[in-house]
There are 2 protein chains.
Amino acid sequence: MNRVVLRVAYEGTAFSGYQVQPGKRTVQSEIEQAFMKIHKGEAIRVHSSGRTDTGVHARGQILHFDTSLTIPTERWPKALNSMLPDDIRVMEAGYVSKDFHSRYDAQKKHYRYRVLAAREEDVFRRNITYHVPYAIDLTRMQEAAEHLIGRYDFSSFCAANTDVQDKVRTLYEITIEREQDEIIFNLIGNGFLYNMVRIIVGTLLEVGAGKREPVELINIRDAKNRTYAGKTAPGHGLFLWQVYYETSLFHHD
Amino acid sequence: MNRVVLRVAYEGTAFSGYQVQPGKRTVQSEIEQAFMKIHKGEAIRVHSSGRTDTGVHARGQILHFDTSLTIPTERWPKALNSMLPDDIRVMEAGYVSKDFHSRYDAQKKHYRYRVLAAREEDVFRRNITYHVPYAIDLTRMQEAAEHLIGRYDFSSFCAANTDVQDKVRTLYEITIEREQDEIIFNLIGNGFLYNMVRIIVGTLLEVGAGKREPVELINIRDAKNRTYAGKTAPGHGLFLWQVYYETSLFHHD
């Protein structure tokens, strides 16, 4: 058996999230069905770096699975893509050692959140940006974000309905930049709680809109209570952008 | 009765083109259904600046229709959008005189064509760009395009299955520019034959890829024969970008 690792991109719009759910179209079930075809009916279990919610996208989801097939590395993407629907694309593949695990070995994750900051909506980006038609102050949001960088208990930024006990995570970086008519949030951390990126972005947008002061983030953070933070920004602006491991998984030309 | 003009954007992906066809989901039929609801069941015929094909998008399609309703200009978009599916958006509205016609009064049209010029595909732009993974030379295409500017019989760039007699059109401008990982074609003319933009772009891409010489465009143009030109580029890279009339249709702040 060989262990294969994949970088996979998907547009989350038409999926009920990543994880298999009975009767729902999910990323995992589409991938496992495609893999079963390539393996002539043999069921293949695919492991991910973590699930994503309904409507959430991925540019750099990392998956691994075990296979008896020995296809050359560069042919895996084409072979799998020919079986996959066009809203899921395998971008890269590699062989890894049998003790590699896409979830347990992940050291850092980079999420991106795209806000369309324009008066008019854009029908071509309706599923991949969150449209905010009012004025947003970048500097205020950047100032607020500084209070979240570091190792903290992020309970205030975690959906109430979670069963994770340890809510301490480290946020290494939050950048907020304007790119044409969009505001792009990049968050890099060692791990993220349920809805954490979306609650942080939703809260920062309230600061950017002048509804909260940047310094309030200190109190919100220290309250360790979800009710202190702002609204959860919608899933369709969010992208799992990159997952980092100890060593590079893919060999580039 | 009032005559209302609209600027409408739509993503063509899930439509069998603009024009009503029995049993098919088209832009026109979705719009007329929505308009019927607003008019309490009264059938409303909508007239466009011209049809678009399956998969083709619009940022600036112009429509007009007659109505007994007298809704303030700025409220029309919201009223109509609340009834429309989210892949069609009314962007602007205005009242025009009873002799205005969206098709007959159109003086110029601007089409845009987006090519994703990158090795990797992009799942998020799969429906709104044509992916070309090989190297494309912009200068060669720009040189070739010069031979198409002016008043010509564009038979070589018209789908063979058309019943239009007069194939003389004037192309005012073709610009070809790189924007990050895309190549953007802009074509402005007084009118376009069936598939004309897509055949021009397809032929220019063959020049850009080195399969044809820029000067060949003279022969292709003068042959007045579809078989001389290159392949028709796919519809999903094409956008009806703007339609020009003698006077501005919408009043801006």
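Sequence order as written defines the numbering, with residues in each chain counted from 1. The order in which chains are written sets their letters, starting at A; the order in which ligands are written sets their numbers, starting at 1. A pLDDT threshold of at least 70 governs which residues receive local features in this predicted model, and a stricter bar of 80 or more applies before side-chain atom pairs are shown or counted, although totals over entire chains, interfaces and linings include all residues. Heavy atoms from the whole structure form the basis of all side-chain values; hydrogens and water molecules are not counted.

## Let's talk about the side chain of B:T26
All names here are of chain B. Within the element layout of this structure, T26 appears in the loop between β1 (2–10) and α1 (27–38). The term polar contact refers here to a pair of N or O atoms within 3.5 Å; inside protein, the definition further demands a hydrogen-donor-capable atom paired with an acceptor-capable atom, and it admits residues adjacent in sequence only when both atoms are side-chain atoms. Polar contacts involving the side chain of T26 include one to the main-chain carbonyl oxygen of Q19, which spans 3.5 Å. Leaving out residues up to four positions away in the same chain, T26 has contacts with F15, S16, G17, Y18, Q19, V20 and Q21. Secondary structure elements follow DSSP: runs of H or I of four or more residues count as helices, runs of E of two or more count as strands, with numbering from the N terminus. Whether two residues are in contact is decided by their heavy atoms, any of which lying within 4.5 Å being enough.

## Some details on the domain arrangement of chain A
Residues and elements named next belong to chain A. The domain boundaries here were taken from an automatic or database domain assignment. Along its sequence, chain A is carved into domain 1 (2–105) and domain 2 (108–241). Just the C-alpha atoms count here: the centres of domain 1 and domain 2 sit 28 Å apart. Surface buried jointly by domain 1 and domain 2 totals about 1000 Å² across both partners, of which 53% is contributed by carbon and sulfur atoms. Accessible area that two parts lose when put together, with a 1.4 Å probe and added across both, is what the buried area reports. Of all residues in domain 1, D53, H57 and R59 bury the most surface against domain 2, accounting for 48% of the area lost on that side. The working definition used for a salt bridge is a side-chain nitrogen of Lys or Arg within 4 Å of a carboxyl oxygen of Asp or Glu. For the pair domain 1 and domain 2, the interface holds one salt bridge. Of the charged contacts, one joins D53 and R198 as a salt bridge, the two residues approaching to 3.6 Å between their closest N and O atoms. Where domain 1 meets domain 2, there are ten residue pairs in polar contact (both at pLDDT 80 or more).

## Brief notes about the interface of chain A and chain B
Listed by partner, the interface residues are 20 residues for chain A and 20 residues for chain B. Roughly 1800 Å² of surface becomes buried between chain A and chain B when both sides are summed, with 55% attributable to carbon and sulfur atoms. The tally of links from chain A across to chain B stands at eight salt bridges. Between A:R89 and B:E121 there is a salt bridge whose closest N-O contact spans 3.8 Å. Across the chain A-chain B interface, the total number found is six residue pairs in polar contact (both at pLDDT 80 or more). Residue assignment for the side of chain A that touches chain B shows that the elements contributing at least two residues are β1 (2–10), β3 (57–67) and β4 (88–96) of chain A. Throughout, the ten residues Ala, Val, Leu, Ile, Met, Phe, Trp, Tyr, Cys and Pro are labelled nonpolar, Asp, Glu, Lys and Arg are labelled charged, and all others, Gly among them, are labelled polar. Looking at side-chain class alone, the side of chain A that touches chain B contains nine nonpolar, three polar and eight charged residues.

## Topic: the pairing of β1(B)
Each regular strand carries side chains that alternate between the two faces of the sheet. Residue and element names in this part refer to chain B. The rule is simple: take the accessible area with a 1.4 Å probe, protein chains only, and divide by the maximum for that residue type; under 20% is buried, over 50% is exposed, in between is partly exposed. For β1, a buried count of eight out of nine residues is recorded, marking the element as mostly surrounded by other parts of the structure. The pairing of β1 with strand β3 (residues 57–67) spans eight bridges and is classified as antiparallel. Residue pairing across strands places N2 opposite T67, the latter belonging to β3. Direction of pairing for β1 relative to strand β4 (residues 88–96): antiparallel, over a ladder of eight bridges. The partner of R3 across the bridge, within β4, is V96. Strands are labelled as partners when DSSP assigns at least two bridges between them.

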